[in-house]
Amino acid sequence: MVRMKLVLAIVQDKDADALAREFIQNNVRATKLATSGGFLKAGNTTFIVGIEDDRVNEVLEIIKKSSHTREQYVSNVNMDAAGTSMLGKPVQVTVGGATVFVLPVEEFKHF
């Protein structure tokens, strides 16, 4: 019996095409989903990968190599006591990279 893991990788849309190409070049099958979230509500892509245990580190390295952090400015919103919002000074934040979950797979079927 082949032991498997499920890898869920959430990356910025800007990195998704490069990651998909790397998966194809390395014979890694992945399902690609358009997602959004994070504290900036930015566009993300979630990759779902079912992979043999002995290839998990290879997949993690591919994700790490293809997912980059970036500096981005966001507007700071200030609320006064009356509930009026005002745009404050832009703040620089680090975005991007990858959020990855590796989960055990109890059973895998491919039809």
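Residues numbered from 1 in each chain as written. Predicted model: local features only at pLDDT ≥ 70, side-chain atom pairs only at ≥ 80, totals over all residues. Heavy atoms only, no water.

**Focus on the pattern of salt bridges**
- Taken as a whole, this structure holds six salt bridges when the rule is applied.
- In this structure, Arg3 engages Asp53 in a salt bridge whose closest nitrogen and oxygen atoms are separated by 3.9 Å. One end of the pair, Arg3, is in the segment before strand E1 (4–12); the other, Asp53, is in the loop between strand E3 (42–52) and helix H2 (56–66), with 50 residues separating them in the sequence.
- Residue Arg55 is joined to Glu58 by a salt bridge in which the shortest nitrogen-to-oxygen separation is 2.9 Å.
- Here Glu58 falls in the partly exposed class, since its relative accessible area comes to 31%.
- Taken together, the shared-partner salt bridges connect Arg3, Lys5 and Asp53 into one network. (Salt bridge = Lys/Arg side-chain N within 4 Å of Asp/Glu carboxyl O. Helix = DSSP H or I, 4+ residues; strand = E, 2+ residues; numbered from the N terminus. Buried < 20%, exposed > 50% of the residue type's maximum accessible area, 1.4 Å probe, protein only.)

**Focus: unusual backbone geometry**
- Positive phi is not limited to glycine here, since Asn27 has a value of about 55°.
- Here Asn27 is to be found in the loop between helix H1 (13–25) and strand E2 (31–37).
- In this structure Asn27 comes out as exposed when scored by relative accessible area, which is 61%.

**Digging into the nonpolar core**
- Leu19, Phe23, Val28, Phe47, Ile51, Val59 and Ile63 are the most contacted members of the largest nonpolar core, which totals 15 residues.
- Elements that contribute at least two residues to this core include exactly E1, H1, E3 and H2.
- Excluding its chain neighbours within four sequence positions, the residues that come into contact with Val28 are Phe23, Val49, Ile51, Arg55, Val59 and Ile62. (Core = buried A, V, L, I, M, F, W, Y, C linked by side-chain atoms within 4.5 Å. Contact = heavy atoms within 4.5 Å.)

**Quick notes on the confidence of the model for the protein chain**
- For the protein chain, per-residue confidence averages 86 on the pLDDT scale, and residues scoring 70 or more make up 84% of the total.
- Mean pLDDT across the secondary structure elements of the protein chain bottoms out at strand E6 (residues 85–87), with 65, and peaks at H2, with 97. (pLDDT = per-residue confidence, 0-100.)

**Regarding the side chain of Ser67**
- Here Ser67 lies in the loop between H2 and strand E4 (69–74).
- Within polar-contact distance, the side chain of Ser67 engages the backbone oxygen of Ile63 at 2.8 Å.
- Contact partners of Ser67, with chain neighbours within four places excluded, come to Val11, Asp15, Gly97 and Ala98. (Polar contact = N/O pair within 3.5 Å; in protein donor to acceptor, adjacent residues only side chain to side chain.)

**Brief notes about the layout of surface pockets**
- By volume, the second largest pocket amounts to about 250 Å³.
- Along its surface, the second largest pocket is lined by 13 residues, and Met4, Arg29, Gly50, Ile51 and Phe108 are the ones closest to its centre.
- Of the residues contributing to the lining of the second largest pocket, the split by class is six nonpolar, four polar and three charged. (1 Å grid on protein atoms, 1.4 Å probe; cavity = no way out; pocket = protein on both sides within 12 Å on 5 of 7 lines; lining within 4 Å. Points joined across faces, edges and corners; volume = space filled by probe spheres on them. Nonpolar A, V, L, I, M, F, W, Y, C, P; charged D, E, K, R; others polar.)

**A short note on the packing of H1 against H2**
- At a minimum axis separation of 9 Å, H1 and H2 run at an interaxial angle of 145°. For the element pair H1 and H2, the recorded crossing hand is right-handed. Residue-level contacts link Asp15, Ala18, Leu19, Glu22 and Phe23 of H1 to Val59, Ile62, Ile63, Lys65 and Ser66 of H2.
- Of the residues belonging to the contact of H1 with H2, the class tally is six nonpolar, one polar and three charged. (Axes fitted to C-alpha atoms, helices over the stretch in contact; angles between N-to-C directions. Left-handed = near helix turned anticlockwise from the far one by under 90°.)

**Some thoughts on the environment of Thr99**
- Considering the arrangement of structural elements, one finds Thr99 in strand E8 (residues 98–104).
- Sequence separation between Thr99 and Ile63 is 36 residues; the distance between their C-alpha atoms is 9.6 Å.

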